[in-house]
Every structure is written in structure tokens, then in C-alpha cells.
Amino acid sequence: MVNEAKQYPQTPHGGVLVDQVVTGPERESEIERARGLATIRVDLEAIITVEMITTGVLSPNNGFMGEADYLAVLDKGRLADGTVWPVPLSFAPIGNVNSAIIEGLSVGDEVCLADDQNEPVAILKIEDIFEYDRQHRAQSLFGTTDRDHPGVDSIYRRMGETALGGTLRLLNRVDWGPFERLRKEPKDTWKMFYEDRGFQSVAGFITGANPLHRGHEYIHRNALEEVDGIFLQPLVEMAKREYVRHEYRIRGYQNVMEEYYPMDRSILSPLRVTYIFAGPREAILHALIMKNYGCTHALIGRDHACIGDFYDKYAAHSIFDDYTQEELGIDIRLFHEVFYDVRAQTHATERTTGKIDSRYRLNISGSGIRELLRYGFIPPKEIVRPESALAAMQGIQPKGISEDGQAIGSPGKVIKSMFPYYLEYTRLGSPQRETPLNPDDLTLRDLEEVMHDVRQNAGLIYEGVYDEYRALLDQNRDLIAWHRFDAREALREKQEALIGELETKLSSASEVASDEFMYQDRAEAERELDAARQLLGDIPVNVSRESVGQRAWNALPYDRYRGADADPGA
């Protein structure tokens, strides 16, 4: 548990950091004792949950919930004693063998939880046995009983009808493979944050199956302006097969952090968690997990629930209205959707920018990024840094497109989610199309065109605006783009020469042409001259050195501005 003698700027949820890990000589004896107990086989997802409970990630819970806590959490989002807790921690094994074992258990018994090799993982001391309603669980937790919802499907697919509640003691940790060297448990991070690094504030950020993108970075950098450190926890395990594999996502994080983040203030540690928690309540759970790791702030993005169209896009924000910050015990920072404003050449949200012209907006969509990778495109640098894309391109599953030239999502769906301007405009900043495009009609060729447009022009639009301002305002004309200056002068000289010739022609033009196909009458010559003069007026005027010189004037001698005293004896 967190050393009570030390004064930290945070406290674990519920006041005590749970530590139910058996260590030292006792561990070997407990493993042998566990082999003699009734045994229930558990899958990797259950083992991950057991590890989270026993290492304090899910404090104050020290085991699987009894019926009173289970029902209170479903109905009120709180434990029976009123402590905020958003999701039930249940153990209801499936399978005929497990069901037969459960029938022989009573409150007070102990049972061994074993992995697929029959090796003991933990001992569960049973404190409650109860039946529960799957439909009630699904509706209360996810707001739907639709089996298309992955959380709902998991309830019916993975959970039996009888739940066992009780305290857990962990005997064996599961090796995390490539992430083992990055593994950090709560007892490690409290010491790291507040003793080793001397932080007084830490912002946590938990993210799912998408590569690190510039929207994430926007959130991280905003937080780093205010807090001492940032703790980044990409989720690993239990990702859908069409996501970017977690090994590659973690490497993408490392690639970007090493180049662009203050490493003395940035800490990366994968969070091995199950996806049974998905839904708006997941945002609350993640905030409490960050708190148990020692974070003082929780950073929550727009679509933290990330479950398609089941919820409002800001459901992960509004869920926090059900709780006060005092009872949550962590400073919640909610971030709106991040996009890239090409005209302003900056990342922004609706809260940090004025009304943005849709011609200049690039959206940052996790699913769209994954689809671009499948189509074989590295996303624009304004959306994903190439260091992140390097790993993500290799880790996307499935790779490439199908026989019909499509990935999981159609090209039109990708364009609509990330580059919606293309539906109404031919290119960034261009005039409107006469008829908007239908996303269903778009092909890979359209995706290629929009990608080419963004790559070529996203960086040029604001540069062009800046060039116009500097052409007018640079008082030191030594910085002028002389090739443009000379081109404008040449344009003007050549157009003036043409106008002189047209004026000469007009002076001798007849009122009526003898042959309308061969000659011009006076009216046509006048119209031709007017058009040429109009074009001359449209040519930008170069600012001369003499004109610039008239802008630089001062009311006092220059030495006075340097602080020179007017007193001649000074």
C-alpha cells in the first residue's frame, strides 16, 4: 500500500491502495495449497482482471463483488457504501465442468483459479454466491441489450448465470511479453512520481486501439503546460482484429515520444485491461484507474467510449455530470474533438478556435486513420506523425485491400470522416462544387485525389496568406522575395506596353467595321482596352523602398528611445 507516512498530493480511491499479491516464502506454500483446492479454469481476460484487482489498479475492490455491491453499482454507479464505482467486477464462470464445481461450493470456501495449463493464478475466498440477470446487467451497464454491442455480447458469451463474490490473493503474474519491461503497477508509479521525480501533479491519459495521432498530442501538450508530468497508458490485449496490433502501437508511442516529448516529464506504461468495461462508464473507470496509479488529473477525450453509434459522441463527457469532483477525487479535464485548421495552420477544437471554414478542416478520426493505413497511405503529417505511422503501417490488421478494391470501410466513408471538404469542394480552399458528392459513389481514385491535395496544399495555404502580408508589410525590403517582386514589375511593364498598343489601335478604329469577321469596330476596341486596363489594375502593386520609408517615423530623436537623457551633462 502507499506509505501512509509520506504526504502525497493524491490518495488512492477509497483511501487505501489494495495489495493482494502473495510474495516471499508464503507464495510457494500458497501455490502448493492451491493445488489441493477445488479448481476453476479461467481465461486470459479473467486473469487480467484478477491482476488489476490484486495489484490495486481497481482499488478499493479487493476481490470480486458480492450481490449487494454488484446491484448497487449497476443501479447507482456506486458501491453499497456509497463509494463511486462505475462497473461491476463479477466472476461467473461458464462451462459444464465449472458449473459442477460451483454447485459444490459454499460461502467460506476457497477455490483455486488456474490458467489453461492448470497452473494456480489466484485463490478466491468465497464470501457470496448469487444468481444474476444478464439482461438487467446489459441494460444497466451499457444502456442497451443489443448483441451487436461488444460489451453486451461479452456478457452473454463469456458469463455464466451464477456469480462468486469474495477476496482474491494473487499467486502468479502473467508475463506481459514485449511489454514486461514497461509494466508498472500502482505501487511503482506512486514512488516514481512523488519520490523519484518529485512531481506535485501528474495527468493520466488512457487510450485504446488507435495509433498515437496529433489529436492525442494536442491533449498531452495542453496538459504539460499545467502539470509536472504526464502518464500515458495505451490499452493492450483484447483489441479487435481489425485494429493496429498493440506491439506496433506501443512502438509508435515510443518513436514519437523520443523525438518530440520531454522525456523527463513523460512516462509510458501499457495498461493491460479487458474490453468488457466498454461504454460511457468506461470513462469513469479510467479516471479512477488513473487515480489509483497516483495521477492528480485525468485527461478524457471526446469519444472515450469508442463504441460506434451506440452513444452520443460526448457521452464520455456527460457521464461525469453524475458525480462531483470531490467524490471522484481526481481533477477531470474534458477535451473536445481535435481537428487541423489548414487556414490557421494549427490543431484546434471548437473551444479554441473561431468559426472554421469547412473548406480548411481536416478531421482526426481513429477509424479513418486505420482505413488509410489499410489502403496503403501514410496519413497526412497533420494527422499522424510519420514516426507513429512507421509502426502503425506494419501493425494494421488486416493489411491491404480486398479483391474489390476496398478495405473494411469504403473510400467514401474515410473521406467523409476525415476530409469532408472534398464532398462539397474540389480541393482545399476551392469554390464549391455545383453538386455535392455522394460518399457512396466515391472510389479509391477519389481517396487518392484527396490525399494528393492534402499532402500538396495543407502546408501552402497559410504560407500563401503569410506571403501576401509580408509582401506588403516587410519594411526591410532586403527580405523581399525578389523573384516575385521582379515578376510583378515585369507583368506590369508588359501589360502597360500592351495597353499602349491597344490605345493606338483605338485611335484609328472605325465606328463600323467593314467586315465583322476580319476587323473590329470602335466599340469592340474600346471594350478590349477597358479589359486590359482592368487586368493592369488587378496586378498586385510592389511596395517601393520610398513608400516603406514613409512608414518609419518617430516623434523623438532615436537616442531618447534608447534611454539617453536630454541633459547634456549626463
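A short tour of the structure in this document, coming up. (Residues numbered from 1 in each chain as written. Predicted model: local features only at pLDDT ≥ 70, side-chain atom pairs only at ≥ 80, totals over all residues. Heavy atoms only, no water.)

## Concerning the environment of Met-418
And then number 1: Locating Met-418 in the fold gives a position in helix α15 (residues 411-418).
And then number 2: Taking the C-alpha atoms as reference, Met-418 lies 16 Å from Gly-429; in sequence the two are eleven residues apart.
And then number 3: Sequence-distant contacts of Met-418, that is, excluding residues within four places in its chain, are made with Arg-361, Leu-362, Asn-363, Ser-365, Gly-368, Ile-369, Leu-372 and Ile-383. (Helix = DSSP H or I, 4+ residues; strand = E, 2+ residues; numbered from the N terminus. Contact = heavy atoms within 4.5 Å.)

## Observations regarding the sheet that holds strand β3 (residues 110-114)
Note on sheets: strands pair through backbone hydrogen bonds, and any given pair is parallel or antiparallel.
And then number 1: Spatial strand order, β1-β3-β4-β5-β2: five strands in an open sheet with mixed pairing. Edge positions in the sheet fall to β1 (38-41) and β2 (63-64), since each of these pairs with one other strand and no more.
And then number 2: Together, β2, β3, β4 (120-131) and β5 (162-170) form the strand contacts of helix α2 (residues 44-54), whose direction differs from that of β5 by roughly 55°.
And then number 3: Running over the sheet, helix α4 (residues 96-103) touches β1 and β5 and is turned about 145° from β1. (Pairing = 2+ DSSP bridges. Axes fitted to C-alpha atoms, helices over the stretch in contact; angles between N-to-C directions.)

## Quick word on the environment of Gln-397
And then number 1: Inspection of the secondary structure assignment puts Gln-397 in the loop between α14 (386-395) and α15.
And then number 2: Residues Gln-397 and Glu-242 lie 155 residues apart in sequence; the distance between their C-alpha atoms is 4.9 Å.
And then number 3: In this view, Gln-397 contacts Arg-241, Glu-242, Tyr-243, Arg-245 and Arg-374; residues no more than four positions away in its chain are not counted.

## Some remarks on the nonpolar core
And then number 1: Counting residues in hydrophobic clusters, the biggest one holds 75 residues, and the most contacted among them are Leu-58, Trp-85, Leu-113, Phe-193, Ile-289, Phe-320 and Leu-328.
And then number 2: Per element, the largest residue contribution to this core is seven residues, and it comes from helix α10 (residues 281-292).
And then number 3: If we ignore the near neighbours within four places in the chain, the residues touching Phe-320 are Ala-283, Ile-284, Ala-287, Ile-300, Leu-328, Ile-332 and Leu-334.
And then number 4: Ranked by size, the runner-up nonpolar core spans 35 residues in total, among them Tyr-218, Ile-415, Tyr-421 and Val-454. (Core = buried A, V, L, I, M, F, W, Y, C linked by side-chain atoms within 4.5 Å. Buried < 20%, exposed > 50% of the residue type's maximum accessible area, 1.4 Å probe, protein only.)

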